[in-house]
Each structure stands twice: as structure tokens, then as C-alpha cells.
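In case you want the letters, here they are:
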Amino acid sequence: MSTVDLSNCDREPIHVPGSIQAHAVMLVLAEPDWTVTNASENAAAVFGSVGVIIGRGLHEVLPAEQVGRWREELTGQSLDQTPRYLTPLPATATTAAWEVLLHRHDGTLIMEFERWDTGDMMGTALAFPHLQRTLTVLSSTTSLVEFCQRAAESVRAFIGFDRVMVYRFAEDDSGHVIAESRREDLEAYLGLHYPASDIPAQARELFRRSPVRLNPDIHYTPVPLVPGLHAEDGRPVDMSYCVTRSMSPIHVEYLKNMGVVASMSLSIVVQGRLWGLFACHHYAPRYVTHGARMACEFITQMLSLQVADKERGEQSAYTERLNLARTALMARLQVGTDLSAALGGETDILGGLDAVGSALVLDDAVYTAGRVPADETIQALGAWLSENSTETVKATTCLARWEATLAAATMPLSGVLAARLSRRPNAYLFWFRPPEAFLVKWAGDPRKPMETGPHGDRLTPRKSFALWQEEVRDRSRPWLGAEVEAARSLRHGVLEVMMRRTEQLVRWQVELEKRNQDLDSFAYIASHDLKEPLRGLRNYARYLGEDHASELTEEARRKVATIERLGQRMDHLLDALLHYSRMGRSEIEAKPVDLNTVVAHAQDLLIARLEDHPVEIRIPRALPVVEGDPALLTEVFTNLISNAVKYNDKPDAWVEIGWLQPAEGGCQLYVRDNGIGIAPAYHQMIFRIFKRLHERDAFGGGAGAGLTVVRSILSRMGGQIWLESELGVGSTFYFTLDASSAYAGVERAPPSSAR
Ligand code: ADP
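It should be emphasised that the depicted structure is a prediction, and the values quoted were computed from it without experimental measurement.

What follows is about the layout of surface pockets. Taken as a whole, the second largest pocket encloses approximately 860 Å³ of empty space. Along its surface, the second largest pocket is lined by 38 residues, and Asn639, Asn643, Lys646, Gly702 and Gly706 are the ones closest to its centre. Elements represented by at least two residues in the lining of the second largest pocket include exactly helix H15 (554–585), helix H18 (630–646), helix H19 (706–717) and strand S27 (730–735). In terms of residues, the lining of the second largest pocket owes the most to one element, H18, which gives eight residues.

In C-alpha cells form, the structure reads like this:
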């Protein structure tokens, strides 16, 4: 019994039933002559045999002067879709009086006649003063609920039904009785919820389009239209806008199950959307005259306007607040350099949205304000959306509808509004809302499978309307259109700021490069040009010391010697500076280089030092072939090996040159020694120019530029240098040659120079 699903109801073609209700007569007319093309079978009783009237002009079927009067009434009026009330057809000796409706749809005119039940009539003349009183009552109400209540009472007064309810649709299309006027002895339906399936989708769409439906007695036998289809093309007659169209048998059964006999409903449409219904039930047959219906339609329209006005008012105040908050945020983003700081603090939910928390995800970083799920959950949410949604802004009141595990992780937050900044990397703005626990009183258990009934494989509407309560815990308040719009415009704002930041970074980069070049050429020019006067100073000092030694006192000779020594020192410093600036300016040539050859060459250059300090050079395995500049690579190795030899006081001093292939790929080279080591505090400082850790002449003295040159070369190649070292134990300098540390990886036999 549960294999039949509700979509059977959703597919039922209720707008082309092929028949009408028993209290009515229908004529389908072809323009321009109003020739009768189809007629309900019962037309014969009123107008003569159907066989005779089909193919005749309406003026031949009905009194010609009546037809002429209607044509006059309709001059200048649109007949499309909305049925027009025409002057009723008075009773004759043989027939009762008929109320008449006419409209055009799908290219044909449809005329509906409804038997005027004079036993209970509310004529137009009577309706007016009554309506006037109603308007006074309605205009004195102060809330929407009160308005609905008064409107329900007024509608009931007009139509004399046992029960009139204002039924409001929720976001999920379920319905809720928000106002009710009923015969006192009846059970109250106020506050009850009805599942969305009680009114299937195509019925809701019909309700949206046509304002009113009436069935004076649901125990009627449908009257077929003859012929059932349009004669010229065989299409069924579309009765979407007909008031008297035969009701869906499923709906009839639904009403019967509730004990209803006469039913009327009026659609409350707000800005094109079906907001709710006046649902009117009577427990005995009952006709509603056109006059009363018009009055009810009028009240319905007033309610629609009232709702639209209230929604607009609420929305515009909130929209204004959101706009202010966005402007303030954008102003902070203009001046602030830190995106995350500008996006809010504990009390400042992003963009002033009515949420309990907000978050910004930028790849690995998560910035939050207020109550939010854990960072990993926010990341996972972003990742899930990147995978599963292409929408820029997406919202839900119940996260479990997106993904169950995410929903479990975000508990107790269930409402999520997300705005995508970019999909790669994971970049999103999020807002969160908690669930609102509320008690839903269902009219019958909405989950109870319905039983298959007399209508083939369709569903039989449920029979139990017994109160059934459900506590809803996983849904937040819905996200309003204004909030979704605010998220969208915040997204635009943040994206713009991010883009400006990127542009600025690029500008800074270009500027920085230019400054660096300027600095290099300044260092070069300064050191190059200073050497000349320095040479003059040193020459004169030597000249004084040598040629005028006899004329100088002992103290003067010492001072002259100091000038000479300082001059020489300065000359060395200038050489180092010149060398450094040359390294920064030289062109890099990249070609395959065998590092074994490079290391052998460096050892040759260091031959003098190696003879002074005998050191064991270890190369545990042949070095690779890499892409690079041989001269610059030689400079790197010469400096590192020279330091490893220099800063070593061990009797069994050794230097190891090797390479590693880390798990993350690429190639790391290293130069290791068992020398004096470097305290951690100096691990960064030693790369600064002219920074030495000891007395100038200790360990063979250096200018303090070697490591600066090494780092500058490696960073120009895209590589890096770092070290591990322990005082008194030794140091290892690791380095990579380019960003990806790619290497040719060809192994060679260890060079003969390795001892
Ligand atoms: P220098 O020309 O003085 O050698 P560097 O820039 O090459 O200048 O090195 C800076 C300082 O770092 C050195 O003065 C030395 O104190 C320290 N240093 C460099 N390499 C080592 C090493 N292998 N072991 C210990 N100290 C070192």
C-alpha cells in the first residue's frame, strides 16, 4: 500500500476534467459569432437538445435581446482568464434563474451558468451595505492575524457556511490554519497544520491562477461536456479558470472524509505567489450567489494588499538596516589592511544579518564571529558546497537536507546561508541560525501512508484528521529574500576588496623589484667609486710610513700604520660589497650542471685553505645533475665549504657534502661539518651582510658577506637555505635550488677528489 506515491496526485490533470458540476451548465463558444461548439450534457434541459444547439449562434439558443445586452455589458472589458459576472438569466415558466459567468482562455469563450438558488440569496444590492460595514471592521484591526480573523468572520457572514478558515502556506508548502470562524458546536481547526501533499502542486498552481472555486454539493454526479474535446483539433477543453469545473475525485473524497458537503475556496495571492486560502466548509448543500462571491473576492483582495503592505514594510526596514551594515563594513574594508579583522568581532555578525554567527573561509584560514560550528566543520561545509553546488548564494533552514553528516557536525546550528567567493580555493562567507523548536499540530499524521482506494493506483486521501503533534527541532527560521540579496551584495563587495588587494600586491612587487635593482646598482657604484679615493689614502699612508719614517715619532708611526690597516680592512669590505652587488646583477644562465664537477672545482679554489686546515671531505654518494648556473653554484659551494672548514676546531675535522630526496618531492642539498656550531639565536642573523659572530681575526677572519651572497644567489634561483646546528657539535646548511627543487637526478660515480 505504500508503493503508490504522492506524485500520482501531482500528475492528476485537474484543469481538463471533461465535465462540470451538476448545479451548472456550460457552453463553449467560438468567436466572433459566439457559435456554440461544446455544451454540457444537461444544457438540453435548459436550452433544448444538445444536438440542436451545437453549431448554432448563442442568440439562436437564448433570447437574442439577452445576448445583445451581454455583448453591450462587455464592451471594452477584457475577457481573458478572469471570469466576468454577467446579468443573470431570469427564470422563465420552464426554467429557474441562472447566474452567468464568461471568460476567454486558450482561444475560446467559456460561458458558465449557475442555478440561482433563490432560497438563500444575497443579491448585489444587499451585499453593498454589508460590505461597507465589513470594511469599517477590517480597517480598525491592528495586526495581520486580527485582520485575518475579522476577514474570516466577514466571509462567513456573507456566505453563511459552517466554517471559514484562513489557511496560510509555509515555505515547504504545508499549510497552517491562522484564523477561523465556525459554528459554535464544531470542533476547532485553528492552529492545525496540513502536510503539503494535502494540496498537490498542480492544484496550488490552479489556485494561484483562478481566484475562486465553489462546489455547492460535493455529492454531485459530474456532467460531461459534449463533445468532450475541441471539434477542430481534438484538444481537451482547458477549464483552468472555470468556477464550475468538475472537482478532482481525490479532492472530493478528501472533503467527504472530513464530512464536508459544500465547499468554497478563495485564493490569497500576494505579488504573484499563493500566500494562502480562505477555505470554507459547509456540512449541508449550499450555493453562494455571485453577489456574495464578489464581496468575498473583494475581502480577499484587501487581505492580499494588507499582507503585501506588511511584508514590504517589514522588508524595507530590515533591508535598510542591512544596507547600513554593509556600507559600514565596506568602509572598514577600504581602510583596513586585514580582511579578517575588518569582517567583524564577537558582537559584529558579518553584514548585520539576523544570524547568531558568521564565518569567512579563505582556503586554510577560518575567521568567525558569534556562534559558529568548529573550524573543520566550516571548512568541510565549504568543500561540500564547492563539490555540490554551482550557485553563488545558497540557503537552507535545515542543513540535513543538504548533507546528513555535516548537519550532525554543525548541531545545534541548522540554518545556513552561504555565499561563494571562489570555488578554488575554498572561499565562502557563511551565516548560521539555530533551529527553532516548535510544536506542529498536524491534522492527522502527515507521515501515515495513505491507502489505495477506488481511484485505481492513485492515493486515497487520508481519513484520519485526528490531532497529531510533532515537535520540529531541526529547522531554523527561513532566510528572507532581503537576506539572500544582502549576502549577494556583501559577496560582491568582499570580492572587489580582494581583487583590489591582489592588484596592490602586484604593484608592490613591481615596486620592490625596482627598489632592489636600484639598491644593487647603488651598492655597486658606491663600492666601486669608493675604492679609488681609498687607494689614494692607503698610498699616502704607505708613503708617509716608508719615506718619512725617520721624521715621525714612534706614536705617529703607529698611527700611520693603523690608518694603513684600517684602509686595507675597508678595501676588503668594499670588495665583499662589490662582489655581493655583482652577484645580484649578473645574468643567470641555466643549463644542466653536474654538481660533482662543481664541488671538485670549489675544492680547487679552496686549496690554500685546505692545506692550512687539513679536513676530511666526505661525499657519501654521487651528487646529482641539476639545472643551474655553474659559476653561481660554484660560488655557493665554495662559501659553504669554506665556512665548514674555517669554523672547525676539531682535530678530526670533516665536511660532508650530500643530498636528500624528501617525501614531498624535489632535491635538498646539504653541507655538514663537525665544527664549532651556531647558537639557535643566530640562525637567521648570520645571513645578514657583514654579520660575524666572532672577533674579526678569529677563525681566519671573513667580511661576513659569504652567507648573504649564498642566500641571494639561491633566492634568485627560486631556492631556499636553512640550517640545523648545535654549539660545539657542528652545523648542517640545507638548501634547495628552485621552487619545485626539480633536478635531473642522474647519478654519477663519486669523483676521485673525494677522500
Ligand atoms: P664570514 O665571511 O665571516 O665567514 P659568512 O656570511 O659566511 O661570513 O658567515 C657569517 C657568520 O656565520 C660567520 O662569521 C660565522 O660566525 C658564522 N658561520 C658561518 N658558517 C658557519 C659554520 N659552518 N659553523 C659555524 N659558524 C658559521
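Still more to cover.
Let's shift gears to unusual backbone geometry. A cis geometry characterises the amide bond from Glu31 onward to Pro32, with omega recorded as 0 degrees. For Pro32, the position within the fold is in the loop between strand S2 (24–30) and strand S3 (35–40). The omega torsion of the bond from Val226 to Pro227 falls at -15 degrees, within 30 degrees of zero and hence cis. Of note, Pro227 is situated in the loop between strand S11 (223–226) and helix H9 (249–257). Backbone geometry places Trp34, a non-glycine residue, at a positive phi of 55 degrees. Along the chain, Trp34 turns up in the loop between S2 and S3. Judged by its relative accessible area of 5%, Trp34 is buried. For Asp106, which is not glycine, the phi dihedral falls at a positive 60 degrees. Within the element layout of this structure, Asp106 appears in the loop between strand S5 (98–105) and strand S6 (108–115). On the basis of relative accessible area, Asp106 is assigned to the partly exposed category, the value being 34%.

As a further point, take the side chain of Glu483. As for its position among the elements, Glu483 is in helix H14 (residues 481–547). Here Glu483 falls in the buried class, since its relative accessible area comes to 0%. Side-chain polar atoms of Glu483 contact the backbone nitrogen of Leu480, separated by 2.8 Å. Ignoring anything within four residues of it in the chain, the contact list for Glu483 reads Tyr318, Leu322, Leu353, Asp354, Leu417, Arg433 and Pro478.

Thresholds applied
- Position labels on residues start from 1 in each chain and follow its written sequence.
- Restriction of local features to residues with pLDDT of at least 70 applies here, the model being predicted, together with a cutoff of 80 or more for giving and counting side-chain atom pairs; totals for whole chains, interfaces and linings are based on all residues.
- Think of the side-chain values as coming from all heavy atoms in the structure, minus any hydrogens and water.
- Only protein atoms enter the 1 Å grid used here, on which a cavity is any set of points holding a 1.4 Å probe that cannot leave and a pocket is any open set flanked by protein within 12 Å on both sides along at least five of seven lines; residues with an atom within 4 Å of a point are listed as lining.
- Grid points are joined across faces, edges and corners, and a volume is the space filled by probe spheres set on the points.
- The helix count covers DSSP runs of H or I at least four residues long, the strand count covers runs of E at least two residues long, and both are numbered beginning at the N terminus.
- Categorising residues by exposure relies on relative accessible area from a 1.4 Å probe, with only protein chains included: less than 20% of the type maximum marks a residue as buried, more than 50% marks it as exposed, and the intermediate range marks it as partly exposed.
- Polar contact is defined as a pair of N or O atoms within 3.5 Å, subject to the rule that within protein one atom must be able to donate a hydrogen and the other to accept it, and that residues adjacent in sequence are counted only when both atoms are side-chain atoms.
- For this analysis, residues touch if any pair of their heavy atoms sits within 4.5 Å.

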